[in-house]
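# Close look at the chain arrangement
So the chains spell out like this:
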Amino acid sequence: MAKTILLTGGAGYIGSHTYVELKAAGYDVVIIDNFSNSRRDVADRLAQITDGPVKIHEGDVLDKSFLASVFAQQEFDAVIHFAAKKAVGESVEKPLDYFETNCTGFSNLLMAMRDAGVFRVVFSSTATVYGEPQSLPYTEDHRLAPVSPYAQSKVTCETLLRQLKESDDRWSYGVLRYFNPAGAHDSALIGEDPNDIPNNLMPYIAKVATGELPHLNVFGDDYDTPDGTGVRDYIHVVDLARGHVQSVAKLIDEDATHVLNLGTGTGYSVFDMLRSYEKACGETLPFKIAPRRPGDIDCFYADPASARDYLGFEAQRGLDDMCQTSWNWVSRLRNS
C-alpha cells in the first residue's frame, strides 16, 4: 500500500517540484497551501505532469483548526514542511511576520502531527543558518551563526525539532539545509514565478531576459573570486526535490533522524550565471555594476558528502541545465 505524505506549501516553487518527484516514486500526496506566494493554477499543471488528480486543501499553518481538520480527514505516514516565508531582505524589515509564520506555523503543525500520531517530518531549512564561513565548503558541523531574522527562524525551528526528539523519541526528522535552488521542471509547466521583484539571482536574470526588468544589477565586482563577482552553490530544483524524496524515504524506512546539506559542492559566479542564461535565451543581457550589499560574502558553497553517504543523494544537473529549463518555463509563461 502506498505511503501518504502531507506536503505543506506544496503549491510553491520547491514544493510543487517535490510533489512531482514524490508521485513518480509511488507516494500518495496531499498538499496544503494558502497561495500567498504561489499560482492557483498549479494544481492543473501538476495534474498534467503526473497524469492524475491533485488533492489540495487551501489554508494556513497558522490556523490550528484547519490543520486539525486536514489530519482528521486522512492518515499520513510523514510530513514534508515547506510552508514559510523565505526572503532574507524582507525578514529584516518584517521580523515579526517571519517568526509568526515560520516558527509559530511550524509549532502549530508539529502539535497537529502529535495529536494525529504522526511523528516523521522533513523540514525545509537553509544554508543561511551558517552565516559567515569559518571554512569552506560548509559542512553540517559548521557553527550556526544566522545574520537575518529569516535564518534565525530556521535555526529556531531546527532547535525545536532537536528538543522535541529529546523529549519524545517517537519523533524522527530530516533537516535539509539547501543552498540556491534554480531551474524548472523539464515540462516547462512549473517553475519559479515570484509575485514581485525577485530576491534571487536566476529569477531576476529571467525577468531581464523577458524584458520585464531593464538590466541586472551586479552587486560588486571586486570580490576575491576568479571574475570578481560573488560565487554561490546553485542546485537544480528537480535535484533538490529528489533529495526530499530520499529524506522522507529514510524516515519511513528507518526512522533515522538526519541533518544534511543539499548542494552540488560547485560554486558559480554571477557572471557564470549571466553567460549561461544568455546562451539559453540566445541574447546578450544588459547589466550594471552596483556597490556591494552589506553582508554579502565572496564564496558560499556546500560540502555535499554527507547527503551522498547517508541518502545516496547526488545532484545530476549543472548550471546550463538550470538556465535552459528556467528559460523554457518563463518563455512558456510569458506566451501563455
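Residues numbered from 1 in each chain as written. Predicted model: local features only at pLDDT ≥ 70, side-chain atom pairs only at ≥ 80, totals over all residues. Heavy atoms only, no water.

### Re the UniProt feature "domain: NAD(P)-binding" (unreviewed entry) in the protein
Heads up, the rule is: UniProt positions are given in the numbering used here, feature names are shortened, and annotations may be inferred rather than shown by experiment. We count a stretch as a helix when DSSP gives it H or I for four or more residues in a row; a strand needs E for two or more, and each element gets its number in order from the N terminus.
The UniProt feature table records "domain: NAD(P)-binding" (unreviewed entry) at residues 6-324. A helix fraction of 41% and a strand fraction of 18% characterise residues 6-324, whose end C-alpha atoms lie 31 Å from each other.

### A few points about the side chain of H57
Rule in force here: Every residue pair with non-hydrogen atoms within 4.5 Å of one another is taken to be in contact.
Turning to its location among the elements, H57 is positioned in strand 3 (residues 55-58). Contact partners of H57, with chain neighbours within four places excluded, come to V30, I31, I32, D33, F66, V70 and Q73.

### Section: the packing of helix 1 (residues 13-24) against helix 8 (residues 237-254)
The condition that has to hold: Axis definition: a line fitted to C-alpha atoms, limited for helices to the stretch in contact. Angles are taken between N-to-C directions and run from 0 to 180 degrees. Roughly parallel refers to an angle under 35 degrees, roughly antiparallel to one over 145, roughly perpendicular to one between 65 and 115, and oblique to any angle outside these ranges. Each crossing gets its handedness from the near helix: less than a right angle anticlockwise from the far helix is left-handed, clockwise is right-handed. Amino acids outside the nonpolar list (Ala, Val, Leu, Ile, Met, Phe, Trp, Tyr, Cys, Pro) and the charged list (Asp, Glu, Lys, Arg) are all regarded as polar, and Gly is one of them.
Closest axis-to-axis distance for the helix 1/helix 8 pair is 8 Å, and the angle between their directions is 60°. One way to sum up the angle between helix 1 and helix 8 is to call them oblique. Here helix 1 runs over helix 8; the crossing is right-handed. Touching Y13, I14, H17, T18, E21 and L22 of helix 1 are V237, V238, L240, A241, R242, H244, V245 and V248, all from helix 8. When its residues are assigned to classes, the contact of helix 1 with helix 8 shows nine nonpolar, three polar and two charged.

### With respect to the pattern of salt bridges
Cut-off, in case you're wondering: Within this document, salt bridges are pairs made up of a side-chain nitrogen of Lys or Arg and a carboxyl oxygen of Asp or Glu, the two lying within 4 Å of each other. Each residue's exposure class comes from its accessible area (1.4 Å probe, protein chains only) as a fraction of the maximum for that residue type: buried when under 20%, exposed when over 50%, partly exposed otherwise.
Taken as a whole, this structure holds 20 salt bridges when the rule is applied. The partner of E212 in a salt bridge is K207, with the nearest N and O atoms 3.1 Å apart. Classification of K207 by relative accessible area gives buried; the value is 14%. Here R293 makes a salt bridge to D296, at a shortest N to O gap of 2.8 Å.

### With respect to helix 3 (residues 64-73)
Convention followed: An arc is given here, and it is the one of the directions from the helix axis to the C-beta atoms.
Listed in full, the buried residues belonging to helix 3 are F66, L67, V70 and F71. Around the axis of helix 3, the buried residues are gathered within 130° of arc, so they sit on the same side. Residues K64, S65 and A72 are exposed on helix 3 and point more than 90 degrees away from its buried face. Of the surrounding elements, those touching the buried residues of helix 3 are strand 1 (4-8), strand 2 (28-33), strand 3, strand 4 (78-81) and helix 5 (95-116).

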